[in-house]
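# Secondary and tertiary structure notes
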Amino acid sequence: IRNNRDRFPGIVVFPHTMPDHRWDNAMLARAVATLDAASREFRVDPDRQYLMGFSMGGRGAWSLAAQQPDRFAAAVIIAAPVAHIPEFWTPIQRETVLRDNDFLRSDNPFGVLASKLTTMPIWLFQGSADDLAPPDDARRMWGALQRVNPSAKFTEYDGGGHDQTRTMADPELWKWLL
């Protein structure tokens with residue numbers, strides 16, 4: 001974005017979690033507060049707010065989209081698990097993510113999440129050889145979205161790993177989003 005400012009006509013906010021946190025409700029609230037502050041300061045058009053996340057940020061984007069489905073004009077989710085909880089997460093992180101995400105406590109997390117996102121344009125991107133975000137999570141989420149959200153899109157990069165570079169360089173993404 002910094003190197004191609006003319007291609008990105010907008011304000012970009014990059015919230016981060018605090019150390020030892022995942023995208024739990026406390027971190028999502030901080031991200032929304034940051035977005036709200038930037039929106040007020042720069043007079044952002046509320047109808048042109050977009051949500052994007054990669055990896056753990058994509059997991060947070062799923063959660064935030066589920067909490068505020070009417071806020072965002074569209075969402076782009078890149079290499080982001082939905083139901084997969086990595087073994088390296090601490091017990092507290094596991095407990096928190098399950099407490100804060102009702103869809104993860106259900107028998108059908110993909111269907112419950114998709115049911116909250118029936119009107120939001122969403123484009124999922126996933127590498128087929130991703131070793132951190134299981135491709136099956138993205139495929140199952142895509143399947144759930146296809147049943148309830150006709151505007152959803154899915155791109156799977158054959159042989160692609162855990163990376164956002166290819167997605168971010170895709171001119172079709174930016175045409176679709178902007």
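Anything mentioned here points back to the structure above.
Attention in this report is confined to the structure presented alongside it. Quick caveat, the model's predicted, so the values are computed rather than measured.

So, on to the overall build of the chain. Regarding its fold elements, the chain presents seven helices and four strands. Of the regular secondary structure in the chain, the N- to C-terminal order runs α-β-α-β-α-α-β-α-β-α-α. For 178 residues, the compact-globule formula gives about 16 Å, and the C-alpha radius of gyration of the chain, at 16 Å, lands near that figure. Along the three orthogonal principal directions, the C-alpha set of the chain runs to about 40 × 35 × 30 Å. For the chain, the residues scored as buried account for 42% of the 178 residues in total.

Moving on to the side chain of aspartate 100. Tracing the backbone through its elements, the reader meets aspartate 100 in helix α3 (residues 91–100). Among the polar contacts made by the side chain of aspartate 100, one reaches the main-chain amide nitrogen of asparagine 25 at a distance of 2.7 Å. In this view, aspartate 100 contacts Asp24, Asn25 and Arg105; residues no more than four positions away in its chain are not counted.

Here helix α1 (residues 25–42) crosses helix α2 (residues 56–67) at 75°, and the two axes come no closer than 11 Å. One finds that α1 runs roughly perpendicular with respect to α2. Between α1 and α2, the residues in contact are Asn25, Leu28 and Val32 and Gly60, Ser63, Leu64 and Gln67, respectively.

Attention now goes to unusual backbone geometry. For arginine 43, which is not glycine, the phi torsion reads 50° and is therefore positive. With respect to the helices and strands, arginine 43 occurs in the loop between α1 and β1 (50–54). Looking at arginine 43, the relative accessible area reads 77%, which means it is exposed. A positive phi angle, near 45°, is found at alanine 79, a position not held by glycine.

In this section: the pairing of strand β2 (residues 74–78). Summarising burial for β2: five of the five residues are buried, a large majority. Relative to β2, β1 runs parallel, the two being bridged by five bridges. Each bridged residue has a counterpart across the sheet, and for methionine 52 the counterpart in β2 is valine 76. Viewed along the sheet, the connection from β1 through α2 into β2 turns out right-handed. Pairing between β2 and strand β3 (residues 122–127): four bridges, direction parallel.

A few words now on the environment of tyrosine 50. As for its placement among the helices and strands, tyrosine 50 is situated in strand β1. For the pair tyrosine 50 and valine 148, spaced 98 residues apart in the sequence, the C-alpha separation amounts to 20 Å. Among the polar contacts made by the side chain of tyrosine 50, one reaches the main-chain carbonyl oxygen of leucine 177 at a distance of 3.4 Å.

The rules behind the values
Residues numbered from 1 in each chain as written. Predicted model: local features only at pLDDT ≥ 70, side-chain atom pairs only at ≥ 80, totals over all residues. Heavy atoms only, no water. Helix = DSSP H or I, 4+ residues; strand = E, 2+ residues; numbered from the N terminus. Rg over C-alpha atoms; globule rule 2.2 N^0.38 Å. Buried < 20%, exposed > 50% of the residue type's maximum accessible area, 1.4 Å probe, protein only. Polar contact = N/O pair within 3.5 Å; in protein donor to acceptor, adjacent residues only side chain to side chain. Contact = heavy atoms within 4.5 Å. Axes fitted to C-alpha atoms, helices over the stretch in contact; angles between N-to-C directions. Parallel < 35°, antiparallel > 145°, perpendicular 65-115°, else oblique. Pairing = 2+ DSSP bridges. Right-handed = clockwise from strand over helix to strand, strands pointing away.

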